Amino acid sequence: MLKRTLQFVAMAFAAMLIVSCESDETFVLEKIDFQKLTLADSTFWNGSDGSGKFVAGTGTFNNTYSNNTTYESWSGFAYSNVDNMVLGDYANQYSAYIADGTDGKNIFGVAYVVADDAKVTFSRPVDMRYAKFTNSTVTYLTMVNGNQFSKKFGGVTGTDPDFFMVTIKGYDANGTEVGTVDFYLADFTAEDNTMDYLVDSWTSCDLSSLKGVTELRFYLSSSDNGDWGMNTPSYFCIDDITYRYE
């Protein structure tokens, strides 16, 4: 009787493995690493062609671009391979801050967040896995040094509980929010100041709680705010957006 019971358990376990394998085989794993986009060295695309978007993998990245006689502006997503970790003003808004200097000719996404402009839509429902984030150079150096508009994170004493965070919200095909993930690009809120950090390399963020999404929206928040909103430059950089779909 015991032998027969053990045989039944073994058969049931084998069946579970088969079902699991069959289930995995019904999904395609995809990663948007932006490398199929075309750029000359140390350049960027910011929507100046008026297309209002760019496509990578099964994702469409929103872009809003404006150019008049006095200034050029954009919001949403751009893409870039600019590698400049020295210049800390808005002339350098397309560079990712990678402290070890190994990014080279890597193409990555850059977001400038205004309202709901920073969003990605997918051609079919996807289950998110992860994405990699880092600060833009202008944002990173502003948090390190401060300027006439933004404070140095930590303040004069280094003890101010500052933070800079990207919030990722997932929506299904009906426009219903299915989940939210927060990722700190800088966190000075710990009581132990030795735990303070600013993200200075490509860092993975687990997005696996966002399932069945057809759209991602990205928002930024900061401890440094004024009468006109957030003082911290509202940029972040993104790469290796990984997800699966049936």
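Structural data are supplied above this passage.
First things first, this report covers the structure right here in the doc. Position numbers for residues count from 1 along each chain, tracking the sequence in the order it is written. Side-chain atom pairs in this predicted model are given and counted only at pLDDT of 80 or more, local residue features only at pLDDT of at least 70, and totals for whole chains, interfaces and linings cover all residues. Side-chain numbers come from the whole structure's heavy atoms, not from hydrogens or water.

### Some details on helix H2 (residues 137-145)
Buried residues dominate H2, accounting for seven of its nine residues. For H2, the complete set of buried residues consists of Thr-137, Val-138, Thr-139, Tyr-140, Leu-141, Thr-142 and Met-143. For helices the rule is a DSSP run of H or I covering at least 4 residues; for strands it is a run of E covering at least 2, with both sets numbered from the N terminus onward. One or two steps after H2, the chain reaches Gly-146, where phi turns positive at roughly 70°. Note on classification: 1.4 Å probe, protein chains only; a residue is buried when its accessible area is under 20% of the maximum for its type, exposed when over 50%, partly exposed between these limits.

### Topic: unusual backbone geometry
The backbone of Ser-42 sits at a positive phi, close to 55°, despite the residue not being glycine. Along the chain, Ser-42 falls in the loop between strand E1 (28-32) and strand E2 (44-45). Judged by relative accessible area, Ser-42 falls into the exposed class, the value being 53%. If you check the backbone angles, Ala-115 has positive phi at about 50° while not being a glycine. Among the secondary structure elements, Ala-115 is positioned in the loop between strand E6 (108-112) and strand E7 (119-134).

### Concerning the packing of aromatic side chains
Each Phe, Tyr or Trp ring (for Trp, its six-membered ring) is paired with any other whose centre lies within 6.5 Å, and the angle between the two planes then decides the class: stacked below 30 degrees, edge-to-face above 60, tilted in between. Counted according to the given criterion, the structure contains 24 aromatic pairs. On the numbers, 5.0 Å between centres and 65° between planes, the contact of Phe-122 with Tyr-243 is edge-to-face. With Phe-122 in strand E7 and Tyr-243 in strand E15 (residues 235-245), the pair connects residues that are 121 residues apart, well separated along the chain. Measuring from centroid to centroid gives 5.6 Å for Phe-218 and Phe-236, while their planes differ by 40°, and the two rings are tilted. Here Phe-218 is found in strand E12 (residues 213-222), whereas its partner Phe-236 is found in strand E15, with 18 residues between them in sequence. Across the pair, exposure class does not vary: Phe-218 and Phe-236 are buried alike. Put simply, the rings of Phe-34, Trp-45, Phe-54, Phe-61, Phe-77, Tyr-79, Phe-133, Phe-183, Phe-218 and Phe-236 pair up and form one aromatic cluster. When the ring centre of Tyr-171 is taken as origin, the NZ or CZ atom of Arg-217, which lies over that ring, is 4.0 Å away. The rule is short: NZ of Lys or CZ of Arg within 6 Å of the ring centre and within 35 degrees of the ring normal puts a charge over the ring.

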